[in-house]
Amino acid sequence: MSILVTGGAGYIGSHTVKELRARGEQVIIYDDLSTGFYQAAQDCMLVVGSLHHYDKLVETMRAFDVDSVVHFAAYSQVGESMNDPGKYYYNNVAGTIKLLNAMKENNVKRIVFSSTAATFGEPDSVPISEETPQHPASVYGTTKLMIEKILRDYDAAYGIRSVALRYFNAAGADESGLIGEAHNPETHLIPLIMQVLLGRREHISIYGTDYPTPDGTCVRDYIHVTDLATAHILSLNALRDGMASTAYNLGNGNGFSVREVIGMVEKVTGRKVATVEGPRRSGDPAVLIASSEKIMRELNWKPKFNELEQIIASAWRWHESHPYGY
């Protein structure tokens with residue numbers, strides 16, 4: 001029996017694959033490599049294919065005796081989703097339906113789904129719990145929320161049980177320094193700051209300095225990618241043990257502002273980061289902090305890398321040794 005990891009050559013997917021294999025799991029990566037990398041597959045079995053290659057999905061599950069799926073394959077840029085919603089509905093929603101139908105055809109009854117805190121939009125209060133109303137402010141967030149609803153319907157109709165994991169800001173890199181965060185284009189704060197230090201961009205832009213936060217910049221909850229990977233494994237094992245479908249929020253429960261992140265990068269690296277202040281970006285909430293009490297209570301999950309300095313140090317090891325990614 002094996003686990004199919006869609007998007008397993010991407011950032012969070014590759015770290016989850018590494019942790020699964022370290023636990024002796026048989027893993028098959030299914031990735032179209034549109035945003036993933038051969039090198040991130042770590043010599044794991046890699047099937048190159050799209051979610052829309054239905055026959056290939058069915059054949060892959062059958063050939064490798066797949067009994068569970070961990071689903072990362074999605075487009076995830078908020079801005080792009082607003083400019084090209086068709087791309088996101090087609091890939092994220094329609095592609096996931098094909099994946100679920102292939103699972104149904106092969107009698108695969110378990111899936112751990114990579115969802116997002118973007119399903120909550122602008123929350124009325126923080127920390128954000130699983131009971132916080134979900135009102136996504138972007139097409140990307142809407143596609144993920146739609147998939148969460150589809151998963152519930154597939155459970156009710158076909159018995160495919162699921163766990164949806166809603167991440168906050170994934171960051172950092174594996175302790176080995178062999179895999180890490182690489183996107184093109186890059187949109188995440190910490191790697192963008194690293195690119196400034198590596199001479200790949202002139203400065204980091206601070207969008208908005210007048211938010212109702214201690215230093216006027218946005219506050220976000222950063223969670224180490226390996227801690228995210230662990231949550232996927234715990235969720236999969238809980239499904240194996242018969243747990244009913246559910247959803248969990250994943251964060252450290254602590255918020256750090258843009259200025260605090262920049263300051264910590266300077267502390268870790270010993271280098272000064274050039275910054276330019278600009279106006280707020282539309283749709284950026286002032287504060288996003290997770291409550292992860294539910295998964296801590298039910299699955300005994302606990303972040304191992306819960307200090308911002310640890311997270312940034314691991315990211316810097318990766319970026320310093322891979323200044324242009326893979």
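Residues numbered from 1 in each chain as written. Predicted model: local features only at pLDDT ≥ 70, side-chain atom pairs only at ≥ 80, totals over all residues. Heavy atoms only, no water.

Draft legend 1. Spotlight on the nonpolar core. By size, the foremost hydrophobic cluster in this structure holds 34 residues, and its most contacted members are V5, I12, L165, L250 and I295. Secondary structure elements with two or more residues in this core: β1 (2-6), α1 (11-22), β2 (27-31), β6 (161-167), α7 (225-240), β11 (246-250) and α9 (293-299). Among the elements that line this core, the one with the most residues is α7, at 7 residues. Apart from the residues lying within four places of it in its own chain, the contact partners of V5 are G13, V17, L20, V27, I28, I29, Y30, V70 and F72. Counting residues in each nonpolar core, the second largest holds 26 residues, with Y30, A73, V108 and I111 among its members. (Core = buried A, V, L, I, M, F, W, Y, C linked by side-chain atoms within 4.5 Å. Buried < 20%, exposed > 50% of the residue type's maximum accessible area, 1.4 Å probe, protein only. Helix = DSSP H or I, 4+ residues; strand = E, 2+ residues; numbered from the N terminus. Contact = heavy atoms within 4.5 Å.)

Draft legend 2. Just the layout of surface pockets, in detail. When its volume is computed, the second largest pocket comes out at roughly 190 Å³. Considering the residues around the second largest pocket, the lining is formed by 18 residues, among which H183, Q195, R200, Y324 and G325 are closest to the centre. At the level of elements, α6 (189-197) and α10 (308-321) are the ones that each hand at least two residues to the lining of the second largest pocket. Split into classes, the residues belonging to the lining of the second largest pocket amount to 9 nonpolar, 6 polar and 3 charged. (1 Å grid on protein atoms, 1.4 Å probe; cavity = no way out; pocket = protein on both sides within 12 Å on 5 of 7 lines; lining within 4 Å. Points joined across faces, edges and corners; volume = space filled by probe spheres on them. Nonpolar A, V, L, I, M, F, W, Y, C, P; charged D, E, K, R; others polar.)

Draft legend 3. Spotlight on the pairing of β6. The buried fraction of β6 amounts to 7 of the 7 residues, a majority that puts the element mostly inside the structure. Alternating positions in β6 separate into two faces, R161, V163, L165 and Y167 on one and S162, A164 and R166 on the other, with burial throughout. By the bridge criterion, 7 bridges tie strand β5 (residues 110-116) to β6 in an arrangement that is parallel. Each bridged residue has a counterpart across the sheet, and for V112 the counterpart in β6 is V163. In this fold, β5 hands off to helix α5 (residues 139-158), which returns the chain to β6; that crossover is right-handed. Looking at chain direction, β6 and β11 are connected through 5 bridges and run parallel. Within the sheet, the bridge partner assigned to A164 lies in β11 and is A247. (Pairing = 2+ DSSP bridges. Right-handed = clockwise from strand over helix to strand, strands pointing away.)

In short, the description is geometric, and any link to function would need to be established separately.
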